[in-house]
Each structure stands twice: as C-alpha cells, then as structure tokens.
Amino acid sequence: MQLDRRTFLLLGAAFAAGCAAPGGGNFSGGNREKIVNAGSAAQYLADGVYARYRDLGFFLVRRGANLFALSAICTHRKCKLDAEPDKTFYCPCHGSTFDADGNVTEGPARRALPQFEISTNEKGELLVRISAV
Ligand code: FES
C-alpha cells in the first residue's frame, strides 16, 4: 500500500495523538488539538522551565506571576526542542535557538514558538490546550 503525503501526515497526527492519550490528554476537534491535565498549579510556583511535558509537545514556563505553556516543537521541521539551563530552547536537529519567550534567536527556524492556552479546572489543576503547529 502506498500513501500519499497528505494521508501519511494525517495518519501520523492521529497516531501521535492516540499515543499521548494515556498520559492525560483528552482529544477534541478531530485530533487537531488536545487538552493535557498538567496537575496542580502549585507544582509550578518557582521560576523556571518545566520540561516534564516535552514529549507531549509543550514546556510550562514560570516567570514571576506569569505561567505560560510554550510549544516544545521546533517551527523549522518539528523536532522536539531541548530546554537549556539558561531557560532558552535548542533544537538538536539543525541548531535553531529560541529565547525564553520562544522568539527565534538563531535559524534556520523563522517562526517563534506558539504559546498554548492554559485554564484551570475546579480542582485547581492546569489544563493546557495544545493545537497542531
Ligand atoms: S527542525 Fe529545528 S532547526 Fe530544523
């Protein structure tokens, strides 16, 4: 069986979404987005980058009163980024770098990392809404 590029990409996205489900993701919108329960917001009080959800596609970043979710997927060709000790991000595939806000500091990537919406449920848990980038 031979797959065209579109079918291959759709199957890949569906497979990736399905693999993430046991880790706390709920899917909606035809697998174009998922919601990950990142647990109690009290876990993320100290400034820094929390990389425990990197494999699900995002970092949680605490900076003062601000907590945001930043894509962990490089905008060049979708490799997973590494969080660096200085709170920047590095792509091991082709060397792109991003600052602590997700802005490109060195290519070949050209687009900044998208942020994902965070909400809180009635238990005080963070819900991160991840969409395909
Ligand atoms: S995939 Fe990240 S620099 Fe190419």
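Structural data are supplied above this passage.
What you see is a predicted model; the values in this text were computed from it and never measured.

Caption draft 1: Structural view of the overall build of the protein. Looking only at helices and strands, one finds one helix and eleven strands in the protein. Counting all 133 residues of the protein, 32% fall into the buried class. When contacts within the protein are restricted to residue pairs at least 6 apart in sequence, those whose partners lie at least 24 apart make up 38%.

Caption draft 2: The arrangement of the state of the cysteines in detail. All told, the structure shown has one disulfide when counted by the stated rule. Disulfide partner of Cys-79: Cys-93, at an S-S distance of 1.9 Å. In this structure, the disulfide formed by Cys-79 and Cys-93 twists by about -100° around the S-S bond and is classed as left-handed. Taken as a pair, Cys-79 in the loop between strand S5 (66-71) and strand S6 (82-83) and Cys-93 in the loop between strand S7 (89-90) and strand S8 (97-98) lie far apart in primary sequence, 14 residues in all.

Caption draft 3: Expanded view of the pattern of salt bridges. Taken as a whole and judged by the stated rule, the model has six salt bridges. The partner of Glu-33 in a salt bridge is Arg-129, and the shortest N-O contact between them spans 2.7 Å. With Glu-33 in strand S2 (residues 33-40) and Arg-129 in strand S11 (residues 125-131), this pair connects stretches of sequence that are 96 residues apart. Among the salt bridges present, the one from Asp-55 reaches Arg-54, with a minimum N-O distance of 3.3 Å. Using a relative accessible area of 55% as the deciding quantity, one classes Asp-55 as exposed.

Caption draft 4: Main features of the sheet that holds strand S9 (residues 104-106). In spatial order, the strands read S6-S7-S8-S9; together these four strands make up an open sheet with antiparallel pairing. Every interior strand has two partners, whereas the edge strands, S6 and S9, have only one. Examined bridge by bridge, S8 and S9 share two bridges and lie antiparallel to one another. Residue Thr-97 lies in a different strand from S9, and its bridge partner there is Glu-106.

Reading the values: the criteria
- Residues numbered from 1 in each chain as written.
- Predicted model: local features only at pLDDT ≥ 70, side-chain atom pairs only at ≥ 80, totals over all residues.
- Heavy atoms only, no water.
- Helix = DSSP H or I, 4+ residues; strand = E, 2+ residues; numbered from the N terminus.
- Buried < 20%, exposed > 50% of the residue type's maximum accessible area, 1.4 Å probe, protein only.
- Contact = heavy atoms within 4.5 Å.
- Disulfide = S-S within 2.5 Å.
- Salt bridge = Lys/Arg side-chain N within 4 Å of Asp/Glu carboxyl O.
- Pairing = 2+ DSSP bridges.

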